[in-house]
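Letter by letter, the chains look like this.
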There are 2 protein chains.
Amino acid sequence: MNDQLSRTFQALADPTRRAMLAKLSHGEINVSDLAKPFLKDMSLPAVTKHLKVLENAGLVTKTRDAQYRPCKLNGTPLKTATDWMEQYRTFFEESLDRLGEYLKTVTAQEKEAKKKLNTKKKKTAKGIKSHGRKKQT
Amino acid sequence: MNDQLSRTFQALADPTRRAMLAKLSHGEINVSDLAKPFLKDMSLPAVTKHLKVLENAGLVTKTRDAQYRPCKLNGTPLKTATDWMEQYRTFFEESLDRLGEYLKTVTAQEKEAKKKLNTKKKKTAKGIKSHGRKKQT
DNA sequence: TGGTTAATTAACCATTTAGTTAAATATAGG
DNA sequence: CCTATATTTAACTAAATGGTTAATTAACCA
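All values reported here derive from a predicted model rather than from experimental measurement. For every chain, the first residue of its written sequence is number 1, and the numbers climb from 1 along that sequence. Following the order in which they are written, the chains are lettered starting with A and the ligands numbered starting with 1. Local features are withheld for residues below a pLDDT of 70 in this predicted model, meaning they are given only at 70 or higher, and side-chain atom pairs are given and counted only at 80 or more; totals for whole chains, interfaces and linings count all residues. Where side-chain values are given, they derive from all heavy atoms of the structure, hydrogens and water being excluded.

For helices the rule is a DSSP run of H or I covering at least 4 residues; for strands it is a run of E covering at least 2, with both sets numbered from the N terminus onward. Helix and strand content of chain A: seven helices and two strands. Walking chain A from its N terminus toward its C terminus, one meets helices and strands in the order α-α-α-α-β-β-α-α-α. By the burial criterion, 29% of the 137 residues in chain A qualify as buried. Considering only residue pairs separated by 6 or more positions, chain A has 53% of its internal contacts joining residues 24 or more positions apart. For chain A, the computed accessible surface area is about 9600 Å², with 54% contributed by carbon and sulfur atoms. Working definition: with a 1.4 Å probe on protein chains only, accessible area under 20% of the residue-type maximum means buried, over 50% means exposed, and in between means partly exposed. Should any heavy atoms of two residues lie within 4.5 Å, those residues are counted as being in contact. In these tables, accessible area is a Shrake-Rupley quantity obtained with a 1.4 Å probe, and a residue counts as shielded only by the protein chains included in the view.

In structure tokens:
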């Protein structure tokens, strides 16, 4: 994981960091004010680390004001991520067209699942073998 | 990291998995055909694991056809992710308005950085102290 | 100068992630 | 039944992630 897009998605893959972005979307805010809502759940250095992840992804820029570090949201990487997602739009916009087919599929899969449950029961009766590698001794 | 959105972003935060989704966007495909382009870089079990991450995020569903496991892209989680991003659209759509201001900021920051370099050099001459905790003995 | 607040860094630890190889399971087909 | 192909699982390992506490740095202010 080294490219820009991966860093962006990685940064977004955490609820704390997403909450920090939400807070930042209301305007510039310094580190301790940004941290405040999270100090019930984690320490300040933990927040600093999350912030660093957001910075490394380019989602947040930090400036200086005396001993404060005002943080600002930068939307550019989100634009990149959104653009990437755009190529899959067809896969979630034909929902109405596909709903009927989807339901049929689900029904079919459920029937399949029931069949398999029966099959597995029979096999259990015969004795199921364990999977994978044996423990080294 | 346990919620749906986090799992989705986490799944997208890897170039191999994104490439797998790209492949899947061209239609249903079984595991070994899906794996083929990646076997130069990693083993088949590694691909299986990536596939499992995509499945757990709900981005891929696997069915059965004899010994084959045809995989299919499911766009729903991408829809959820896109919807989440939507709330930040204002932060990357005013780009033209903000470009000038951004450039001014960058310039200001570069000047700041130069000033700081000088400051640090002076301090180095006086002797810089190390940061953080001391090694336990 | 000394104390207080803001923020970061270091050292450490537990868990997760991403990969490996070897073995096991599932199915088809001679 | 035996064998080949497809896929998964197990066991293991190295590195990354997400957290901690203690120490350090930076700047303000009385």
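All names here are of chain A. Even without a glycine there, the phi angle at Ala66 is positive, about 55 degrees. Turning to its location among the elements, Ala66 is positioned in the loop between strand E1 (60–62) and strand E2 (71–73). For Ala66, a relative accessible area of 58% gives the class exposed.

The subject of this paragraph is the confidence of the model for chain A. Any region with low pLDDT has predicted coordinates that should not be read closely. Per-residue confidence from the predictor is reported as pLDDT, a score between 0 and 100. Scored by pLDDT, chain A has a mean of 80; 67% of the residues are at 70 or more. Note on residues 110–132 of chain A: pLDDT under 50 across the span, and two contacts to partners over four residues away in sequence or across chains.

Along the chain, Ala22 of chain B falls in helix H2 (residues 15–24). A C-alpha to C-alpha distance of 9.2 Å links Ala22 of chain B and Leu73 of chain B, two positions 51 residues apart in sequence.

On to the packing of aromatic side chains. Two aromatic rings, drawn from Phe, Tyr or Trp (for Trp, its six-membered ring), form a pair once their centres lie within 6.5 Å of each other, and the interplanar angle then sorts them: stacked below 30 degrees, edge-to-face above 60, tilted otherwise. Under the counting rule described, the total for this entry stands at seven aromatic pairs over all chains. Pairing Phe9 of chain A with Trp84 of chain A gives two aromatic rings, centres 5.7 Å apart and planes at 75 degrees, and the pair type is edge-to-face. You can see Phe9 of chain A sitting in helix H1 (residues 4–12) and its partner Trp84 of chain A sitting in helix H5 (residues 76–86), a full 75 residues away along the chain. On the basis of relative accessibility, which here comes to 0%, the residue Phe9 of chain A falls in the buried class. When the ring of Tyr88 of chain A is compared with that of Phe91 of chain A, the centres are 6.3 Å apart and the planes differ by 50 degrees; the resulting orientation is tilted. Following the ring pairs from residue to residue traces out a cluster consisting of Phe9, Trp84, Tyr88 and Phe91 of chain A together with Phe9, Trp84, Tyr88 and Phe91 of chain B.

Right, let's get into the interface of chain A and chain B. Each side of the interface is counted separately: chain A has 32 residues, and chain B has 31 residues. Buried area, as used here, totals the accessible surface that two parts lose on assembly, with accessibility defined by a 1.4 Å probe and the loss added over both. Buried area between chain A and chain B, both sides added, is near 2900 Å², and the carbon and sulfur share of it is 67%. The salt bridge involving Arg18 of chain A is made with Asp3 of chain B; its shortest N-O contact spans 2.8 Å. Where the side of chain A that touches chain B is concerned, the elements lending two or more residues are H1, helix H2 (15–24), H5, helix H6 (89–93) and helix H7 (95–126) of chain A. Examining the composition of the side of chain A that touches chain B, we find that six residues originate from one element, H5 of chain A, more than from any other. For this classification, the nonpolar set comprises Ala, Val, Leu, Ile, Met, Phe, Trp, Tyr, Cys and Pro, the charged set comprises Asp, Glu, Lys and Arg, and every other residue, Gly included, is treated as polar. Counted by class, the side of chain A that touches chain B contains 16 nonpolar, eight polar and eight charged residues. Just to be clear on terms, a salt bridge is a Lys or Arg side-chain nitrogen sitting within 4 Å of an Asp or Glu carboxyl oxygen.

Glancing now at the side chain of Thr82 of chain A. Its location among the elements puts Thr82 of chain A in helix H5. Here Thr82 of chain A is in contact with Met85, Arg89 and Phe92 of chain B, once residues within four sequence places are set aside.

What follows covers the nonpolar core. With 55 residues, the main nonpolar core has Phe9, Leu21 and Met85 of chain A together with Phe9, Leu21 and Met85 of chain B as its most contacted residues. Sequence-distant contacts of Phe9 of chain A, defined by excluding residues within four places in its chain, comprise Ala81, Trp84 and Met85 of chain A together with Phe9, Leu12, Ala13, Arg18 and Met85 of chain B. Here, the term nonpolar core denotes a set of buried Ala, Val, Leu, Ile, Met, Phe, Trp, Tyr and Cys residues that are joined through side-chain atoms within 4.5 Å.

The next thing to look at is the pattern of salt bridges. Residues and elements named next belong to chain B. Enumeration over the complete set of coordinates arrives at ten salt bridges over all chains. For Arg89, the salt bridge goes to Glu86, with nearest N and O atoms at 2.5 Å. With relative accessibility at 37%, the residue Glu86 sits in the partly exposed group.

Two copies of one chain are present, and they are related through a rotation about an axis combined with an axial shift. When the copies are superposed, the least-squares fit takes in the C-alpha atoms of residues with a pLDDT of at least 70 in both. When chain A is fitted to chain B, the best match, at an RMSD of 0.0 Å, comes from turning it 180 degrees and sliding it 0.0 Å along the axis. What the superposition gives is, in effect, a two-fold axis relating one chain to the other. The overlap is high: 94% of the interface residues of chain A also sit at the interface in chain B, so the same surface is used on both sides.

Residue and element names in this part refer to chain B. Running from amino to carboxyl end, H2 crosses helix H4 (residues 44–56) at an angle of 75 degrees, the nearest separation of the two axes being 10 Å. Taken together, the axes of H2 and H4 lie roughly perpendicular to each other. Taking contact as the criterion, the partners of Thr16, Arg17, Met20 and Leu21 in H2 are, on H4, Val47, His50, Leu51, Val53 and Leu54. Split by residue class, the contact of H2 with H4 holds six nonpolar, two polar and one charged. Angular values range over 0 to 180 degrees, each being the angle between N-to-C directions of two axes fitted as lines to C-alpha atoms, with helices fitted over their stretch in contact. Should an angle fall under 35 degrees it is taken as roughly parallel, and over 145 as roughly antiparallel, whereas 65 to 115 is taken as roughly perpendicular and any remaining angle as oblique.

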